[in-house]
Amino acid sequence: MPRSTYLAISATAVAGLFLAACSSTGTVPASVVADQVRQQLADQFGFSLEEMPKVTCPGELEAVMGALMTCSLIGTDGTFDVAVTVTSVDGGVASFSIAVADEPN
């Protein structure tokens, strides 16, 4: 992804909603959260998934209103924190908001 485009993503402090199915333990696996973050960013900025940098998350996210996790967006311009916050849980589906840090770590 070109540097100018990548900086636009990080500087925008993206906030979007996405859904992920919860497991029977009331958590969302790290891989599902990471995939959903990448998909949301790709959709919001009109990129294909192949153009999106890798996203990693440190573990399962509790499917509880207000639960917070910091994932990492790993691109050629550095690693950016991505705050993932559970905004609601309804019928085994958790909704999240995401915000990308303005500056790399």
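Quick caveat, the model's predicted, so the values are computed rather than measured.

About the criteria used
- Residue positions are counted from 1 within each chain, in the order its sequence is given.
- Since the coordinates come from a predicted model, pLDDT governs what is reported: local features require at least 70, and pairs of side-chain atoms require 80 or more to be given and counted, while whole-chain, interface and lining totals use all residues.
- Computation of side-chain values: all heavy atoms of the structure, hydrogens and water removed.
- Labels follow the DSSP assignment, with helices taken as runs of H or I lasting at least four residues and strands as runs of E lasting at least two, numbered in each case from the N terminus.
- Per-residue accessibility, obtained with a 1.4 Å probe over protein chains only, is compared with the maximum for each type, and a residue is labelled buried under 20%, exposed over 50%, and partly exposed between these values.
- When checking whether two residues touch, look at their non-hydrogen atoms; a contact exists if any pair is within 4.5 Å.
- Each accessible area is a Shrake-Rupley estimate made with a 1.4 Å probe; only the visible protein chains count as cover when residues are assessed.
- Throughout this description, the term nonpolar core refers to a set of buried Ala, Val, Leu, Ile, Met, Phe, Trp, Tyr and Cys residues connected via side-chain atoms within 4.5 Å.
- Throughout, disulfides are identified as pairs of cysteine sulfur atoms within 2.5 Å of each other.

Enquirer: Can you tell me about the overall build of the chain, naming the residues and giving the values?
Expert: When helices and strands are counted, the chain shows 2 helices and 7 strands. Listing every helix and strand of the chain by position from the N terminus yields α-β-β-α-β-β-β-β-β. Looking at the chain as a whole, 38% of its 105 residues qualify as buried. Restricting to contacts in the chain with at least 6 residues of sequence separation, those with at least 24 account for 50%. Entry remark: accessible area of the chain is about 5,300 Å², with carbon and sulfur atoms responsible for 54%.

Enquirer: Run through the nonpolar core, naming residues and quoting values.
Expert: With 25 residues, the main nonpolar core has Val-33, Val-37, Cys-57, Leu-61, Cys-71, Val-82 and Val-84 as its most contacted residues. Sorting the residues of this core by element identifies helix H2 (30-45), strand E5 (68-75), strand E6 (78-90) and strand E7 (93-100) as the ones contributing at least two each. With residues near it in sequence (within four places) discarded, Val-82 still touches Val-37, Met-69, Thr-70, Cys-71, Leu-73, Ile-98, Ala-99 and Val-100.

Enquirer: Explain the state of the cysteines residue by residue, including any values.
Expert: Scanning all chains against the criterion turns up 1 disulfide. With its sulfur 2.1 Å from that of its partner, Cys-57 forms a disulfide with Cys-71. Taking the sign of the torsion about the S-S bond as the criterion, the disulfide between Cys-57 and Cys-71, at about 105°, is right-handed. Residue Cys-57 is located in the loop between strand E3 (54-56) and strand E4 (61-62), and its partner Cys-71 is located in strand E5; the two are separated by 14 residues in the primary sequence. Given the relative accessible area of 0%, Cys-71 is considered buried.

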